[in-house]
Amino acid sequence: MPPAAERVPWRWLAAGRASRRLVLVVVFVALLLDNMLLTVVVPIIPTFLYTTEYEGTNGSVAPARTELAPPALKAPLFSSMFSYFDNTTVTVLGSASAEELVNGTESSRLPQPPTSSPPVPSGCPEGEEFLAKENVRVGLLFASKALIQLVVNPSVGLLTNRIGYHIPMFIGFTIMFLSTVMFAFSGTYTLLFIARALQGIGSSFSSVAGLGMLASVYTDDFERGNAMGIALGGLALGVLIGAPFGSVMYEFVGKSSPFLVLAFLALLDGALQLCILQPSKISPESSKGTPVSTLLRDPYILIAAGALCFSNMGVAMLEPTLPIWMMQTMCSPKWQLGMAFLPASISYLIGTNLFGILANKMGRWLCSLIGMAVVGVSLLCVPLAKNIYGLIGPNGGLGFAIGMVDSSMMPTMGYLVDLRHTSVYGNVYAIADVAFCMGFAIGPSTGGAIVRAIGFPWLMIIIGVINIAYAPLCWYLRNPPAKEEKIAILSQECPMQAKSYTTQKTLRDFPLTDDSDVEAENAE
């Protein structure tokens, strides 16, 4: 092969590493796989635990009881007798001894009504008390991922400031792959709990490093908003595919099959990261980022984080409780438990891509305010559904509204850091991810307990009213003051226009080359 032909793949690879679009593709795929694993377990875990723990226990007791029945002195439940009167065969209902049949005394008996309780309607699971307790257990299992992620996120934010985004991104892939394989082969509640918690660690590395990387590559606020919308489209697509994919594969192939498919896709994502990001290279930020404690004292960042938290808390409460409520009230089969989330996922995908662009024109604060109000109304309508078709409208509105909030507030977090703090994004997106995690930690863990105490409809009313009440706070994000101004200046009577700003560090090519640090010093 000629030397020039050998250099062609390396030239293509070098050009790909300098492309911002390929960086966006890497982050898109990482968020896609993370959220597919997040939601693929939603329809699987409740039915899997019910099958293995409740039906398994009661199924093993039933044969022992049948052995205690008397010997076969009785005729079958349906006995046939030949009538010599009209030369026909008559079927007799009831159990009668052979002696009674011979003497003809059984014919004078009336059929006795059954003494057991009436049977459960076809398709409805038994064990109401078990399902009530399962609400709490499944909620805690789902919340474990977010709780662990909540603890790890600040450390990942500090790590990205010191060593860059590439290595944490690859660490996240490795942990996610191990978690996926563990899900595939776990057969007990404890192992599933550990796998879910392990997923939280991997998700923390992937999301914080990925979003921070995008913010550092797309420095223009308008371009950053569009890129965040596309990246959140990967998140939405993962949510869209996860629950229906998991329910169908679990119903027709088996429990391990969806996780093995995700493990294979994760390997492809790892190969893509190795080619594009060069995760062995340390590339720290040129300037020191604002500490997390300082960012947490900024009221505008807190309002944006709160919008992310409460809007996502609604769907987080639905994940463990809606499938069990459907099993109890609608007698839904397994495949419907995941399909119920399909309208929310499709509308979320539309909302994030649509409002990634529209939010710049109508105002991100207004987009978020309307989104939170629609989230609240949609949640209030969920308990009104009588079958799976009644969930299409509320879940569709819920997903679309959460897409409005997410696609507005994620770029706003980066904008607020540029405007009011140092333009280093690891810590602020750690806070954004913490807001997500608080929603997905508080939601499932408290949702199951609330359902057991006062019922599913009251849970939806509580979280719906909270979203509607929080929505007006987004009004304060309409014109946040710049860093030089005092926060108290912002008031309704005298709204301030945000000052123009420039990023505080010189732009460098991405990814970093070996001579980039020297060039940056010479530029300074």
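Residues numbered from 1 in each chain as written. Predicted model: local features only at pLDDT ≥ 70, side-chain atom pairs only at ≥ 80, totals over all residues. Heavy atoms only, no water.

Under an unreviewed UniProt entry, the name given to the protein chain is VMAT1 protein, and the source organism is Spizaetus tyrannus. The protein chain has a UniProt comment under Sequence similarities (unreviewed entry) that states "Belongs to the major facilitator superfamily. Vesicular transporter family." Heading Subcellular location (unreviewed entry) of the UniProt record for the protein chain holds this comment: "Cytoplasmic vesicle, Secretory vesicle, Synaptic vesicle membrane". (UniProt positions renumbered as here; feature names shortened; annotations may be inferred.)

Colleague: Please set out the overall build of the protein chain residue by residue, giving values where relevant.
Modeller: Helix and strand counts for the protein chain stand at 18 helices and two strands. Among the 524 residues that make up the protein chain, the fraction classed as buried is 52%. Just so you have it, the protein chain exposes about 24000 Å², and 67% of that area is on carbon and sulfur atoms. (Helix = DSSP H or I, 4+ residues; strand = E, 2+ residues; numbered from the N terminus. Buried < 20%, exposed > 50% of the residue type's maximum accessible area, 1.4 Å probe, protein only. Areas by Shrake-Rupley, 256 points an atom, 1.4 Å probe, with all protein chains shown as cover.)

Colleague: I'd like a description of the nonpolar core, backed by residues and values.
Modeller: Counting 107 residues, the largest nonpolar core has Leu318, Leu322, Met326, Met413 and Tyr429 as the members making the most contacts within it. The element that contributes the greatest number of residues to this core is helix 11 (residues 299-329), accounting for 17 residues. In this structure Leu318 touches Pro323, Phe341, Leu379, Val382, Asn395, Leu398, Phe456 and Met460, once residues within four positions along its chain are discounted. Counting residues in hydrophobic clusters, the runner-up holds six residues, among them Val152, Phe205, Val208 and Ala430. (Core = buried A, V, L, I, M, F, W, Y, C linked by side-chain atoms within 4.5 Å. Contact = heavy atoms within 4.5 Å.)

Colleague: Which residues make up the environment of Val27, and what are the values?
Modeller: With respect to the element layout, Val27 can be found in helix 2 (residues 20-40). Relative accessible area serves as the criterion here: at 1%, Val27 is assigned to the buried category. The spacing of Val27 and Ala209 is 182 residues in sequence and 8.9 Å in space, taken between C-alpha atoms. In this view, Val27 contacts Met169, Gly210, Leu214 and Ala231; residues no more than four positions away in its chain are not counted.

Colleague: Can you tell me about the side chain of Ser378, naming the residues and giving the values?
Modeller: Relative to the helices and strands, Ser378 is located in helix 14 (residues 364-381). Judged by its relative accessible area of 7%, Ser378 falls in the buried class. Apart from residues no more than four positions distant in its own chain, Ser378 is found in contact with Pro394, Gly397 and Leu398.

Colleague: If you had to explain the packing of helix 6 (residues 166-185) against helix 9 (residues 257-276) to someone new, which residues and values would you point to?
Modeller: How two helices sit against one another is set out by the angle between their axes and by the gap between those axes. One can describe the packing of helix 6 onto helix 9 by two numbers: an axis separation of 9 Å at closest approach and a directional angle of 165°. On the basis of their axis angle, the class for helix 6 and helix 9 is roughly antiparallel. Both helix 6 and helix 9 take part in a crossing whose hand is left-handed. Together, Met169, Phe170, Phe173, Phe177, Thr180, Val181, Phe183, Ala184 and Phe185 of helix 6 and Phe259, Leu260, Leu262, Ala263, Ala266, Leu267, Asp269, Gly270, Gln273 and Leu274 of helix 9 make up the contact between the two elements. Residues that form the contact of helix 6 with helix 9 fall into these classes: 15 nonpolar, three polar and one charged. (Axes fitted to C-alpha atoms, helices over the stretch in contact; angles between N-to-C directions. Parallel < 35°, antiparallel > 145°, perpendicular 65-115°, else oblique. Left-handed = near helix turned anticlockwise from the far one by under 90°. Nonpolar A, V, L, I, M, F, W, Y, C, P; charged D, E, K, R; others polar.)

Colleague: So what about the pattern of salt bridges? Which residues, and what values?
Modeller: If you walk through the whole model with that rule in mind, you get one salt bridge. Residues Arg420 and Asp298 are paired through a salt bridge, measuring 2.8 Å at the closest nitrogen-oxygen approach. Of this pair, Arg420 sits in helix 15 (residues 392-420) while Asp298 sits in the loop between helix 10 (292-296) and helix 11, and the two are 122 residues apart along the sequence. With a relative accessible area of 2%, Asp298 lands in the buried category. (Salt bridge = Lys/Arg side-chain N within 4 Å of Asp/Glu carboxyl O.)

Colleague: How would you explain the side chain of Thr160 if you had to name every residue and give the values?
Modeller: One can find Thr160 in helix 5 (residues 128-163). When its relative accessible area of 0% is taken as the criterion, Thr160 is described as buried.

Colleague: Got a sec to walk through the packing of aromatic side chains? Specific residues and values, please.
Modeller: Applying the stated criterion to the full structure yields seven aromatic pairs. Note on Trp325 and Phe456: the rings are 4.7 Å apart at their centroids and 20° apart in plane angle, and the pair reads as stacked. With Trp325 in helix 11 and Phe456 in helix 17 (residues 456-470), this residue pair connects regions lying 131 residues apart in the sequence. With respect to burial, Trp325 and Phe456 carry one shared label: buried. (Phe/Tyr/Trp six-rings, centres within 6.5 Å; stacked < 30°, edge-to-face > 60°.)

Colleague: Tell me about the state of the cysteines, residues and numbers included.
Modeller: Summed over all chains, the structure comprises zero disulfides. Cysteine Cys367 shares no disulfide, and the gap to the nearest cysteine sulfur, in Cys474, comes to 9.7 Å. By relative accessible area, which is 0% here, Cys474 ends up buried. (Disulfide = S-S within 2.5 Å.)

Colleague: Hey, could you go over the packing of helix 11 against helix 17 for me, with residue numbers and the actual values?
Modeller: Where helix 11 contacts helix 17, the axes come no closer than 10 Å and their chain directions differ by 165°. Judged by the inter-axis angle, helix 11 sits roughly antiparallel to helix 17. When you trace helix 11 past helix 17, the crossing you get is left-handed. Tallied by class, the residues present in the contact of helix 11 with helix 17 amount to 15 nonpolar, five polar and no charged.

Colleague: Describe the environment of Met404, naming the residues involved and giving the relevant values.
Modeller: Within the fold, Met404 resides in helix 15. Among the residues examined, Met404 registers a relative accessible area of 5% and is labelled buried. Note: C-alpha distance between Met404 and Gly351 (53 residues apart in sequence) is 5.6 Å. Met404 has contacts with Phe355, Cys367, Ile370 and Gly371, leaving out every residue within four places of it along the chain.

Colleague: Residues and numbers for helix 14, please.
Modeller: Given a rise of 1.5 Å per residue, 18 residues ought to cover 26 Å, and the 26 Å separating the end C-alpha atoms of helix 14 matches this to within 8%. Among the residues making up helix 14, those that are buried are Arg364, Cys367, Ser368, Gly371, Met372, Val375, Gly376, Ser378 and Leu379. The buried residues of helix 14 occupy one face: seen down the axis, they fall within an arc of 170°. (Expected span 1.5 Å × (residues − 1). Arc of directions from axis to C-beta.)

Colleague: Any chance you could break down the confidence of the model for the protein chain for me, citing the residues and the numbers?
Modeller: When pLDDT is averaged along the protein chain, the result is 75, and 70% of the positions lie at 70 or above. Across residues 60-87, confidence stays below pLDDT 50; counting only partners more than four residues off in sequence or on other chains, it has 33 contacts. Taken as a whole, residues 89-122 scores under 50 in pLDDT and shows 41 contacts with residues more than four places along the chain or in a different chain. (pLDDT = per-residue confidence, 0-100.)

Colleague: Could you give an account of a nonpolar patch on the surface, with specific residues and numbers?
Modeller: Residues Val377, Leu380, Ile454, Trp458, Ile461, Ile462, Val465, Ile466 and Ile468 make up a contiguous nonpolar surface patch of roughly 730 Å² in combined accessible area. If you list the elements that add at least two residues to the nonpolar patch, you get helix 14 and helix 17. In terms of residue count, helix 17 provides more of the nonpolar patch than any other element does, six residues in total. One can find Trp458 in helix 17. (Patch = residues over 30% accessible without salt bridge, like charges linked within 9 Å, V, L, I, M, F, W, Y side chains within 5 Å.)

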